[in-house]
Amino acid sequence: MKGVSAKVITAAILGGDCYPATPIGINLPNANWIRKEYGSKSVSIDNLSHAYDEAAKGNGFAEEFIIDEETRRRAEQYGTLCNDLHTDLHECAGHGSGKLLPGVSKDDLKEHGSCIEEARADLFGLYYLADPKLVELGLLPDNDAYKAGYYQQMMNGLMTQLVRIEPGKDIEEAHMRDRQLIANWVYQHAENQEVEIVERNGKHYLQINDYEGLRRLFGELLREIQRITSEGDYAAAKQMVETYGVKVNPELHQEILARYKKLNLAPYKGFVNPVYTLVTDENGTVTDVTIDYSEGYIEQHLRYSRNYSFLPDIN
Ligand SMILES: [Zn+2]
């Protein structure tokens, strides 16, 4: 088909590079000319995002890092919904949109190309997440729900994603750079205290004072990121990424790591596949498939290597 399509699927089993840690969505093709001529396709794997959310419930993370009861309640109520919508907007309205000036190629931004492209897609998602149209369409319940998504993105970009970085290291991965770039740029440009980092009992928290103002800032940054992309402005891309996306504040980093460590959580998660067994009748015809979730992580890996390994153990 031609155009931009978005689908939601359920993963039944994970394999190859997607096992045991997996993406929660796929967006293809990568080549810009195919996107332009024929469109793109976005697939979200809903049961995996759902599993991540369920696994995160009650782990103490929200209590430790979200500033107050009201913000926590909103995150609990609308966080998952905002996340799902943001991902769809990121893929369809973000990656699926935008034009380059004649003669400009995506490769013009070189090593900063993927970070800028992810930032562009994220900003589309953020800006349109607060669009009243989403409420009108029934995708969000009311005009306040998007605030859960805004808080989540800002807190992650400014603070909590740092748990994945070792002390003293810079941010390298394109998505992580993009999230810090956005949050940090907005924070540095919040001249009317739209967003602040405040200290309470020796701990730092993100405080959002003006959500509509924050949306305007996302819009301003989106305009600039789109300009950089469309014009292939390498110097501006480099400046943007290196100023806002790479360096971490060492004191804040230390504090976040220490607070996170106390929660005893893993920074990445993986999955265990269910075991499917065919049920057959007396003629050998398959009548059903039973699903069993009781196999352990280690047992599963050992069984896979025993039964499916195609390399000899001894050469
Ligand atoms: Zn993306």
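Worth saying up front: this structure is predicted, and the values here are computed from it rather than measured.

(A) Here's a closer look at the coordination of the zinc ion. Within the first shell, the zinc ion binds the protein through His90 (NE2), His95 (NE2) and Glu118 (OE), at distances of 2.0 to 2.1 Å. Spacing between the donor residues of the zinc ion along their common chain follows H-x4-H-x22-E. The exposure class of His90 is buried, given its relative accessible area of 9%.

(B) Local environment of the sheet that holds strand S2 (residues 25-28). The three strands are arranged S1-S3-S2 in an open sheet whose pairing can be described as mixed. With one partner strand each, in any of the chains shown, strand S1 (3-9) and S2 form the two edges of the open sheet. The average angle at which neighbouring strand axes cross in this sheet is 10 degrees, direction not considered. Note: S1 against strand S3 (residues 39-45), seven bridges, orientation parallel. Paired with Gly3 across the strands is Gly39, a residue of S3. The strands that helix H2 (residues 46-56) touches are S1 and S3; relative to S3, the one it contacts most, it runs at about 45 degrees.

What counts, and where the lines are drawn
Residues numbered from 1 in each chain as written. Predicted model: local features only at pLDDT ≥ 70, side-chain atom pairs only at ≥ 80, totals over all residues. Heavy atoms only, no water. Donors = N, O, S within 2.8 Å, 3.2 Å for Na, K, Ca; no water. Buried < 20%, exposed > 50% of the residue type's maximum accessible area, 1.4 Å probe, protein only. Pairing = 2+ DSSP bridges. Helix = DSSP H or I, 4+ residues; strand = E, 2+ residues; numbered from the N terminus. Axes fitted to C-alpha atoms, helices over the stretch in contact; angles between N-to-C directions. Contact = heavy atoms within 4.5 Å.

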